[in-house]
Amino acid sequence: MWIIFTLSSSLSKFWNASPTDFLMLSAVMQVLLTILLGWLMLIPHQAWGHDLAFATRLRSRHVAMAHVDWVMLALVQFAAAYAMSLKSPSQAFIVSRCLVFNGWIAPTVYLAKAWGINGFRLDGKRGMDTLIGLAGLMGIVTFTYGWAMIVGAWWL
């Protein structure tokens, strides 16, 4: 019970953090995730790791692309936090949440592709393809909105 309360309290602090703190915390968590994913990606290259069931998936270039995408989007969140600390857009709370949403959702399209779910095809024929694709599309829209608001704060 204590663990649930502590986790709930921590998540509440995270969600209610200032926009720049929210972006920084998310970016740090993304970097930590990519470090763990990088360690997992080493498993198929070990002598004992070839025969594991998920080894072929971890060897996939799609997992590598998700790994790099999470690193890049973490750097983008660091940059957004810095830009917003200097000149904050009018909807800074929403902007930070939009950028964090994209930072976590966008790489999952690549990760899902390693498991045979093609989120890049939005033809509506396969449910999971469409669901992952729409999530990725929402990520692109929120990313564009977030950066448009930041650029608008600087030039308008």
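Residues numbered from 1 in each chain as written. Predicted model: local features only at pLDDT ≥ 70, side-chain atom pairs only at ≥ 80, totals over all residues. Heavy atoms only, no water.

Caption draft 1: View of the packing of helix H2 (residues 19-42) against helix H4 (residues 61-86). At a minimum axis separation of 8 Å, H2 and H4 run at an interaxial angle of 160°. Here H2 is positioned roughly antiparallel relative to H4, judged by the angle of their axes. Judged by the twist between their axes, the crossing of H2 over H4 is left-handed. Among the residues making up the contact of H2 with H4, the classes are represented as 19 nonpolar, 8 polar and no charged. (Axes fitted to C-alpha atoms, helices over the stretch in contact; angles between N-to-C directions. Helix = DSSP H or I, 4+ residues; strand = E, 2+ residues; numbered from the N terminus. Parallel < 35°, antiparallel > 145°, perpendicular 65-115°, else oblique. Left-handed = near helix turned anticlockwise from the far one by under 90°. Nonpolar A, V, L, I, M, F, W, Y, C, P; charged D, E, K, R; others polar.)

Caption draft 2: Molecular detail of the environment of Val-76. Tracing the backbone shows Val-76 in helix H4. For Val-76, a relative accessible area of 24% puts it in the partly exposed group. (Buried < 20%, exposed > 50% of the residue type's maximum accessible area, 1.4 Å probe, protein only.)

Caption draft 3: Just the nonpolar core, in detail. Ala-17, Phe-22, Leu-23, Ala-80, Ala-81, Ala-83, Met-84, Ala-92, Val-95, Leu-99, Val-100 and Ile-150 form the largest nonpolar core, which has 12 residues in total. When contributions to this core are tallied by element, the ones reaching two or more residues are H2, H4 and helix H5 (92-114). Those residues in contact with Ala-83, other than ones at most four positions away along the chain, are Ile-150 and Trp-154. By size, the runner-up hydrophobic cluster in this structure holds 6 residues, among which are Leu-37, Met-41, Val-63 and Ala-114. (Core = buried A, V, L, I, M, F, W, Y, C linked by side-chain atoms within 4.5 Å. Contact = heavy atoms within 4.5 Å.)

Caption draft 4: Expanded view of the packing of aromatic side chains. Taken as a whole, this structure holds 0 aromatic pairs when the rule is applied. Its guanidinium or amino end placed over the ring of Trp-154, Lys-87 lies 5.2 Å from that ring's centre, counting from NZ or CZ. (Phe/Tyr/Trp six-rings, centres within 6.5 Å; stacked < 30°, edge-to-face > 60°. Lys NZ or Arg CZ within 6 Å of the ring centre and 35° of its normal.)

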